[in-house]
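# Survey of secondary and tertiary structure
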Amino acid sequence: MKLVVRGGRVVDPSQDLDGFLEILIEDGCIAQVDEKVKGIRGAEIYEAHGMVVCPGLIDMHVHLREPGQEYKETVRTGTLAAAAAGFTSVACMPNTAPVIDNRSVTEHVMKEARVAGFARVFPIGAVSKGQKGEELAEIGEMVSAGVVAISDDGFPVSNAELMRRALLYSQHYDIPLIQHAQDLDLSAGGVMNEGEWSTRLGLPGAPGSAEDVMVARDVLLAEDTGGRYHVAHLSTARSLDMVRRAKAQGLSVTCEVTPHHLLLTDEAVSKSGFSTNTKMNPPLRSESDREALLNGLADGTVDAIASDHAPHHTDEKDVEFSVAPFGVIGLETNLSLCLDRLVRPGIISLSRLVELFTAGPARVLSLPVGTLEPGSPGDLTIFHPNRPVTIRAKRFRSKARNTPFEGWRLRGRPVATILGGTLLNRPKN
Amino acid sequence: MTQEGWTRKDLIGIEDLSVPEIQLILDTAESFKEVSERPIKKVPTLRGKTVMNLFFEPSTRTRSSFEIAEKRLSADSLNFSSSTSSLSKGESLVDTALNLQAMAPDLIVIRHGHPGVPHMLAERIPAGVINAGDGAHEHPTQALLDAMTILQHKSQLEGLNVSIVGDIEHSRVVRSNIHLLNKMGAEVTLAGPRTMMPVEVEKLGVKAVYTLDEAIKGADVIMILRVQLERQSRMAFPSTREYFNLFGLTRERLKRAKRGVIIMHPGPMNRGVEIASDVADGPYSVILEQVANGVAVRMAVLYLLAGAFQEAA
Ligand SMILES: [Zn+2]
């Protein structure tokens, strides 16, 4: 089984590659990347003229909702959405029912992913048993079953001593701890960012400091322990600054940001007329926070863009703003949004964007993907850098429709996804 | 009387309204005031119209005011109240809305604890929706009746100094009043404990001060807000006694007020907490006029929206 992709602009930030190159995939793995690959007799040829070809994209923060909430999303529909959108790898969060806090649930998720066959699924295990924040989960057992990181996402690790222990213990397996950084007392009752717009709308606000005090505490503990610490969906200027300083200090501290925090502010809650698709956690922040995040992308402080894909059923979201569940989906809008709103205006380069979706998250999670290094898995994403597209939730492969980007007209879109040398799809309109 | 110039199906908030729209409501209310002074306080204007009053929060004052306004306009009213956020246990707001719409009301008056609910309802059903208070967001008829009351004592709103004192954070009355007074050219000063002042409130075009004396000084109008004792879950102040010491309006403190100052309160009052009895019942108080004007303003709003509905139908 051979596949040659040629004629496109190949961008692989893991090797500083950016040029018109050919790629040969053989037996599911990258075999050659060269101006003219050799030994292509019998190979299927994919002509990628006018396209960009890069390592298969990684979304390091998604909620697949399986097991337990299959009415929102399943491993199958979530990975189908990923494949349609150019993502060959996803890391899924453990806030399922039951929680991914042991070997058997981990194995179940991985088996469902293999059966579906649309994307590589890297489960993230819980930090604590049942995500209760009390005792450590069986981290070693989960790692041997395939878990690549630990997180109590959705339930911040509030207890500082548990955090310290987890940062120490996780070093036995050299995996990062991913924190949903939020002080639950400071954010109590908040349904949006505390600021001008919460004041105008009369909605209870959660201040940015709820995130900042947690990041500050955790960075100190990361310094004490030497553990690998990653901030999920970082959303404030001050938290970003703390990550920047921790990196300068040489600590193993990394972070991801979401497209919605990069492209929207809390004003969207008002502009959308209380749309519950502008309600997520952490909430959409102020314009100055948003600008700081954009700077963080450009200066290298941010390691990855991740969607925090959080599917909810339409009936759950179609309620009063205050009582709606937090979260929006993002897998099927990630790439087009970032191409149109980050690369096209020149906020970051195309290769930096590719890095944020490939080499960046691969480095954070120590994944074997996200590179075109010979011998790596033969995962490619082929996208058109400026073909127009309009976001229409009803066309999503995800089961969910809760996007704040409905109707956005963008330029740049995925064209084909290759997983382990197999061409999965050529998404249509 | 004319409904000319009114095109909205709903009254969700003051923030959306233009100055001519506010003026139209106030003028219309002024002409309805006369109805309440007749021996037979009833006009046939809304005969055959159905108005539903949905109160998802306890409210005696606002609900009665709307009910009286509806009766004086000869509308058929239906009242639903519930202390939870749905009318029937477990029913979603959207289902509630669809069920109500099936009964084909012309107008719906809604009070709800969550901001945005009247907006949500208005988007989904053809009936006109009147916001009778949504969480800490807006309470447009209150701001309108406050404006009407001020205008009975002052020749115009433009250039007036209006101080609003109390629990700013949890008050929908404040937000609607800020929008209305700003649009009409008044200067608004807010005062209250720092723990009850919402962040970045200056961006709404007001000044924030943190002593009662600063709020009193130079004010033409002082509005005292109800301290929402039931909403103080966030450690905002230690006791009602301390509140009264810092921000309770007393006759002694009023000595520093400008001549001709008027004192307002949207009710219900906590005497001895935010306002002393001798001030509430004293010569500057216009609190009972507010109540009377509430009926006229609500008649005006019902009348204007019913007309808009007719044209749309
Ligand atoms: Zn999270």
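Anyway, here's the lowdown on the structure attached to this text. (Residues numbered from 1 in each chain as written. Chains lettered and ligands numbered in written order. Predicted model: local features only at pLDDT ≥ 70, side-chain atom pairs only at ≥ 80, totals over all residues. Heavy atoms only, no water.)

### Describing the sheet that holds strand E1 (residues 2-6) of chain A
Residue and element names in this part refer to chain A. As summarised here, the arrangement of the four strands in space is E5-E4-E1-E6, forming an open sheet in which the pairing is mixed. Both outer strands of the open sheet, strand E5 (29-34) and strand E6 (44-47), are each paired with one neighbouring strand and no more. Here the average twist between neighbouring strands, direction ignored, is 20 degrees. (Pairing = 2+ DSSP bridges. Helix = DSSP H or I, 4+ residues; strand = E, 2+ residues; numbered from the N terminus. Axes fitted to C-alpha atoms, helices over the stretch in contact; angles between N-to-C directions.)

### Quick look at the layout of surface pockets
Residue and element names in this part refer to chain B. Of the voids in this model, the second largest pocket is the one considered here, and its volume is about 640 Å³. As for the second largest pocket, its lining consists of 32 residues, of which Thr-62, Arg-111, Arg-172, Gly-267 and Pro-268 are closest to the centre. Elements with a minimum of two residues in the lining of the second largest pocket: helix H2 (61-72), helix H5 (140-151), helix H6 (172-183) and helix H11 (287-312). In terms of residue count, H11 provides more of the lining of the second largest pocket than any other element does, seven residues in total. Residue composition of the lining of the second largest pocket, by class: eleven nonpolar, 13 polar and eight charged. (1 Å grid on protein atoms, 1.4 Å probe; cavity = no way out; pocket = protein on both sides within 12 Å on 5 of 7 lines; lining within 4 Å. Points joined across faces, edges and corners; volume = space filled by probe spheres on them. Nonpolar A, V, L, I, M, F, W, Y, C, P; charged D, E, K, R; others polar.)

### Section: the environment of Gln-171 of chain A
Residues and elements named next belong to chain A. Locating Gln-171 in the fold gives a position in the loop between helix H4 (160-169) and strand E12 (177-179). Sequence separation of Gln-171 and Thr-225 is 54 residues, and the distance between their C-alpha atoms is 9.2 Å. Among residues more than four places away in sequence, those in contact with Gln-171 are Thr-225, Gly-226 and Gly-227. (Contact = heavy atoms within 4.5 Å.)

### Some points on H2 of chain B
Each α-helix turn comprises 3.6 residues. Residues three or four places apart therefore point the same way. Residues and elements named next belong to chain B. Between the first and last C-alpha of H2 there are 17 Å, a value that for twelve residues agrees with the 16 Å anticipated at 1.5 Å per step. Three or more residues of H2 are buried, namely Thr-62, Ser-65, Phe-66, Glu-67, Ala-69, Glu-70 and Arg-72. Note on H2: the residue one or two positions beyond its end, Ser-74, has a positive phi of about 65 degrees. (Expected span 1.5 Å × (residues − 1). Buried < 20%, exposed > 50% of the residue type's maximum accessible area, 1.4 Å probe, protein only.)

### Let's talk about the sheet that holds strand E8 (residues 57-62) of chain A
The strands making up a sheet associate through backbone hydrogen bonding, with each pair oriented either parallel or antiparallel. Residue and element names in this part refer to chain A. Within the open sheet, the eight strands sit side by side as E8-E9-E10-E11-E12-E15-E16-E17. Their pairing is parallel. The open sheet has two edge strands, E8 and strand E17 (304-305), and neither has a second partner. Of the strand pairs in this sheet, strand E9 (residues 87-92) and strand E10 (residues 120-125) are connected by four bridges, and their pairing is parallel. Bridge pairing in E10 links Ser-89 to Arg-120. This element, helix H7 (residues 237-248), spans strand E15 (229-231) and strand E16 (253-257) of the sheet and lies at about 145 degrees to E16.

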